[in-house]
Amino acid sequence: MLTTAPRGTKDILPDEVYIWQYIEKVVREVASIYGYKEIRTPTFEHTELFQRGVGDTTDIVQKEMYTFEDKGGRSITLRPEGTASVVRAFIQNKLTDNPQPTKLYYIISAFRYERPQAGRMREFHQFGVEVFGAEDPSLDAEIIDMAVSILSKIGLKGLKLKINSIGCNRCRPDYNSALKDYLEQRLDKLCDNCKKRYEKNPLRVLDCKNPSCRAQFAYVPVILDYLCDDCKSHFSRLQSKLDVLGIEYQVDPSIVRGLDYYTKTAFEIVSEDIGAQGAVCGGGRYDGLVKECGGPDMPGVGFAMGLERIVLAVKAQNVPVPRNDCVDVFAVSIGDETEDVVYSIVKKLRDNGISCDKDYLGRSTRAQLKYADKVHAKYALIVGGDELNRNTALLRDMATGEQQEVPFSELVEVLSNALKKEERG
Ligand code: HAM
């Protein structure tokens, strides 16, 4: 073989793709029910968008971006997430001038140079939503409700929602100085990167995955104790809205998120069934990001869920997923003289919206029927010399083995009715 797929990427084969299609169908349906419109942005952006948007002291920007110079000498980065791109598109296309709020969703691939493991890929996929133009915590609750609804509609169970508030630019400085005081006592035990972050952006120290750094965080001050009145009230109103919606949650002050743009609400939804990378969804509010990216001072809130991790959870929990990749009819021709008639019947059924396939390898009748069974065809349509003389086909229900003889002219009607009945049943 010439080469293999790069480390951290994955081919999604037909045997798994039906799970992805099912998840994508659910997310699109729920997004539309909640009034969200789809947006598609480019796979790559100017590097500075993520440096400014995601933050240049984050792991993502410091270690994980796929950045290269294009042939025109520009620094380009494959998107490591969707929010910064959607914010850029929101500003650039003047969606800021529309009546607000603007509610958008996307399904994208994203790229991070991380150490691959179960649920952590270098190319991965996200479903995400972003809402611009409203500060009201009922919107934070709405997107959380939407994420919870999606995961429950997919059929996942036992997920935990964790929420926190990480303050705003009024109260964050107080917290940062308390955090710095705490870290200062332990600076000699922190890694070099933490020492740099301690200076530039102490909150990011808490993202460090190094066990010896983590061991220092046991009694770290929590931001909830430093919130200003506005953030405190926003957080308590968020909780009462979640209560109204009947959504269970846990306040977890350790949720600080790995991206710099968050203000106030931060949340994650976690599964215990998929190993160490258990966060299936993460998001929060980012009231300063639109302005930071050169737009007006407009608030925003959103989340993204990792589709690989949802697929893992679906498999781990044996969630039943409807397969839509089986043919309705497999057409079997017996003898060369029936070949063209069967070929044209296949075309006619397809033209009438009935999924249909046939043999292309010159298999024997028995082998064709065996193959029809293997591809889970609902019906085998069999034409031999006798049927050809009578302008009929034998229709065999592959599940029950029952057969009926149907004139060519009635095949579409008989099959359509039978398939509709099956769908209802
Ligand atoms: P994030 O927490 O970095 O947030 O990613 C969101 C989700 O994407 C994670 O919870 C996880 O399920 C999935 N994910 C992240 N990295 C990987 C990876 N390497 N392999 C597989 N799955 C992964 C964001 O990306 C924010 N843009 C979310 C957001 C939108 N906040 C506001 N709006």
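Counting starts from 1 at the beginning of each chain's written sequence and moves along it residue by residue. Given that this is a predicted model, residues contribute local features only at a pLDDT of at least 70 and side-chain atom pairs are listed and counted only at 80 or more, while totals for whole chains, interfaces and linings are drawn from all residues. The basis for every side-chain value is the complete set of heavy atoms in the structure, and neither hydrogens nor water enter the calculation.

Q: Any chance you could explain the sheet that holds strand 14 (residues 379–383) here in plain terms?
A: Strand pairing in a sheet relies on backbone hydrogen bonds, with the paired strands running either antiparallel or parallel. Each pair of strands is called paired provided DSSP finds at least two bridges between the two strands. Numbering of helices and strands starts at the N terminus; helices are DSSP runs of H or I of at least 4 residues and strands are runs of E of at least 2. Within the open sheet, the 5 strands sit side by side as 13-12-14-15-16. Their pairing is mixed. Every other strand in the sheet has two partners, leaving strand 13 (356–358) and strand 16 (403–407) as the edge strands with one partner each. Taken over all neighbouring pairs, the strand axes of this sheet differ in orientation by 30° on average, direction set aside. Relative to strand 14, strand 12 (residues 329–333) is paired through 5 bridges, and the arrangement is parallel. Pairing of Val332 across the sheet is with Ile382, part of strand 14. Residues count as neighbours in contact if any of their non-hydrogen atoms are within 4.5 Å of one another. Note on geometry: axes are lines fitted to C-alpha atoms, helical ones only across the stretch in contact, with angles between N-to-C directions running from 0 to 180 degrees. Contacting strand 12, strand 13 and strand 14, helix 12 (residues 339–351) crosses the sheet at an angle of about 160° to strand 13. In this fold helix 13 (residues 365–374) packs onto strand 12, strand 14 and strand 15 (392–397), with an angle of close to 175° to the strand it touches most, strand 12.

Q: How do you make sense of the environment of Gln277 when you look at a structure like this?
A: Following the sequence through the fold, Gln277 ends up in the loop between strand 9 (263–270) and strand 10 (279–285). C-alpha of Gln277 to C-alpha of Gln100: the two residues are 177 residues apart in sequence and 36 Å apart in space. Sequence-distant contacts of Gln277, defined by excluding residues within four places in its chain, comprise Gln117, Ala118, Gly119, Arg120 and Arg309.

Q: What's the story with the site of the ligand in this structure? I'm lost.
A: The rule for a residue being near a molecule or strand is that one of its heavy atoms must lie within 4 Å of it. Glu81, Glu114, Glu130, Tyr262 and Ala279 are the nearest of the 27 residues found near the ligand. Between the ligand and Arg257 there is a distance of 2.9 Å, counted from an oxygen atom to a side-chain nitrogen or oxygen. Pairs of N or O atoms are called polar contacts if they sit within 3.5 Å, as long as, within protein, a hydrogen donor faces a hydrogen acceptor (for residues adjacent in sequence, only side-chain-to-side-chain pairs). In this structure, Val280 approaches the ligand through a main-chain N or O atom, which is 3.4 Å from an oxygen atom. Using a 1.4 Å probe, accessible areas were evaluated by the Shrake-Rupley method; residue-level cover was limited to the displayed protein chains. Starting from 650 Å² of accessible surface for the ligand in isolation, the protein chains cover 96%. Elements with a contribution of two residues or more to the shell around the ligand: strand 6 (123–132), strand 10 and strand 11 (300–306). In terms of residue count, the dominant contributor to the shell around the ligand is strand 10 (6 residues). All amino acids are sorted into three groups, where Ala, Val, Leu, Ile, Met, Phe, Trp, Tyr, Cys and Pro are nonpolar, Asp, Glu, Lys and Arg are charged, and the leftover types, Gly among them, are polar. Counted by class, the shell around the ligand contains 12 nonpolar, 8 polar and 7 charged residues.

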